[in-house]
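Listed below, chain by chain, are the residues.
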Amino acid sequence: MSSVQPLASHLAIDAGQTGIRARLRREDRRGDLYDFDGIRTDSALIPQLVAVVAQVAQACGAPIHTVSAGISGYTNSTDQAVQMQAATGAFGVREVQLAHDSVTSYLGALGDTLGAVIAVGTGVVTLAVGSHRVTRIDGWGYLLGDAGSGYWIGRAALDAVMRDYDGRGARTALTELVRGDFPNLETAYTQLQADPARVSRIAAYSRHVTALAPTDAVAAAICAAAAAELVLSVSTGLRIVGEGPLGAPVVCGLGAVLQAPEIAAPFEAGLRALYPHLDLRKPAGNGLDGAALLARLGTESALRDRVASAQG
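Nothing here was measured: the structure is a model prediction, and the numbers come from that model. (Residues numbered from 1 in each chain as written. Predicted model: local features only at pLDDT ≥ 70, side-chain atom pairs only at ≥ 80, totals over all residues. Heavy atoms only, no water.)

Re the environment of Arg 168
Note the cut-off: Comment: elements are numbered from the N terminus, with helices defined as DSSP H or I runs of at least four residues and strands as E runs of at least two. In the analysis that follows, any N or O atom pair within 3.5 Å is treated as a polar contact, provided that within protein one partner can donate a hydrogen and the other can accept it, and provided that, for residues neighboring in sequence, both atoms belong to side chains.
Mapped onto the elements of the fold, Arg 168 is located in the loop between helix H5 (150–166) and helix H6 (174–179). Side-chain polar atoms of Arg 168 contact the side chain of Asp 166, separated by 3.1 Å.

Observations regarding the nonpolar core
Definition in use: Among buried residues, the Ala, Val, Leu, Ile, Met, Phe, Trp, Tyr and Cys ones that are joined through side-chain atoms within 4.5 Å form a nonpolar core. Throughout this description, buried means an accessible area under 20% of the type-specific maximum (1.4 Å probe, protein chains only), exposed means over 50%, and partly exposed covers the range between. Between two residues, a contact is recorded if the distance between any of their heavy atoms is within 4.5 Å.
Counting 44 residues, the largest nonpolar core has Leu 174, Ile 263 and Phe 267 as the members making the most contacts within it. Here the element with the most residues in this core is helix H10 (residues 217–240); it accounts for ten residues. Among all residues touching Ile 263, those that are not within four sequence positions of it are Ile 153, Thr 210, Cys 223, Ala 226, Ala 227, Leu 230, Val 257 and Leu 258. Judged by nonpolar contacts, the second largest core, of 29 residues, contains Leu 11, Ala 15, Ala 69 and Ala 81.

Remarks on the environment of Leu 192
Structurally, Leu 192 can be placed in helix H7 (residues 188–194). Leu 192 sits ten residues away from Phe 182 along the chain, and the two C-alpha atoms are 9.9 Å apart. Not counting residues up to four positions away in its chain, the partners in contact with Leu 192 are Leu 158, Phe 182, Arg 198, Arg 201 and Ile 202.

Overview of the sheet that holds strand S8 (residues 134–138)
What counts is decided by this rule: Two strands form a pair only when DSSP identifies at least two bridges running between them. Think of each axis as a best-fit line through the C-alpha atoms, taken over the contacting stretch in the case of a helix, with angles from 0 to 180 degrees between the N-to-C directions.
Strand order in the open sheet formed by five strands is S8-S7-S6-S9-S10, with mixed pairing between adjacent strands. The two strands at the open ends of the sheet, each matched to only one other strand, are S8 and strand S10 (279–281). Averaged over all pairs of adjacent strands, the angle between their axes in this sheet comes to 15 degrees, without regard to strand direction. Pairing of strand S6 (residues 115–120) with strand S9 (residues 250–254) involves four bridges; the strand directions are parallel. Following the sheet pairing, Ala 119 is matched in S9 by Leu 254. Contacting S6, strand S7 (124–129), S8, S9 and S10, helix H3 (residues 101–110) runs over the sheet at an angle of about 115 degrees to S6.

Details of helix H1 (residues 45–60)
Just so we agree on the cut-off: Given a helix with a known number of residues, its expected span is that number minus one, times 1.5 Å.
Over its 16 residues, H1 runs 23 Å from end to end, which matches the ideal 22 Å to within 8%, given 1.5 Å per residue. Of the residues trailing H1, Gly 61 is marked for its positive phi of about 65 degrees.

Some details on the confidence of the model for the protein chain
Quick note on the threshold: You can read pLDDT as the predictor saying how much it trusts each residue, on a scale of 0 to 100.
Chain-level statistics for the protein chain give a pLDDT mean of 87 and a share of 90% at 70 or above. Throughout residues 1–7 the model reports pLDDT below 50, and contacts reaching past four residues in sequence, or to other chains, amount to five contacts. In this model residues 298–302 is a low-confidence stretch, pLDDT under 50, and it forms two contacts with partners more than four residues away in sequence or in other chains.

Right under this line is the structure:
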């Protein structure tokens, strides 16, 4: 009696702070997409990723042979990949590849093209790849960095609201908007501190800031400051990898924050002021595409070698 061999399958994971996206590809079908709550950077990483693999395996009812993931806040550790492979072996996993999400964002957006990719969501990170050097800028989390990110913008909005409320700052339409969530503004800080989802909740205010920017001076100033921070991150990365102002660097932006014209327009203008011959491109793909590509790249890939050095 013959048995049917299970078809090879690969699970790509893009683990961000706001949400985790996963895509399972099998030989017999198109990719199936799954969504989960965001990665908790203050909690152990591997159990969170193992839970994703377990839920996908249960949903698809078939073994998962390879897993590759780009992870917010990931630190380079081969031990973690080994641990994850051991913990997911029961689901058929034979190979695990993990990387910082700056690497998978870069691979998804530019592939093996030299340049810089900035991914701006709840957090923000830039990866710049030159002929002889790679550098990662920011991505230090909401407590230490992530300047210009969704969280950074939302935090600035709440700061402006409390300044308005106290009389320390300018009047802003953001105040009434936030009052819709916190009728008593004096207790807003205690409610946010007690909320396990406070990071993503604060970051969600960024879309209100961009929406109000055309008519509210305070919101417009926050957007301008955020764009300036993003320009600084990209230009710093390009400078470190050897790209001068007379060059034509390739730059690509990813993430919901850069989809807002109130951020995208000053971001582009700021970069073009520094690099008149800038090649600003639309991304070929996203971080999830980059996570899938991570599994397919051979060790001989020059880009793989370069970006690997940026993870540590």
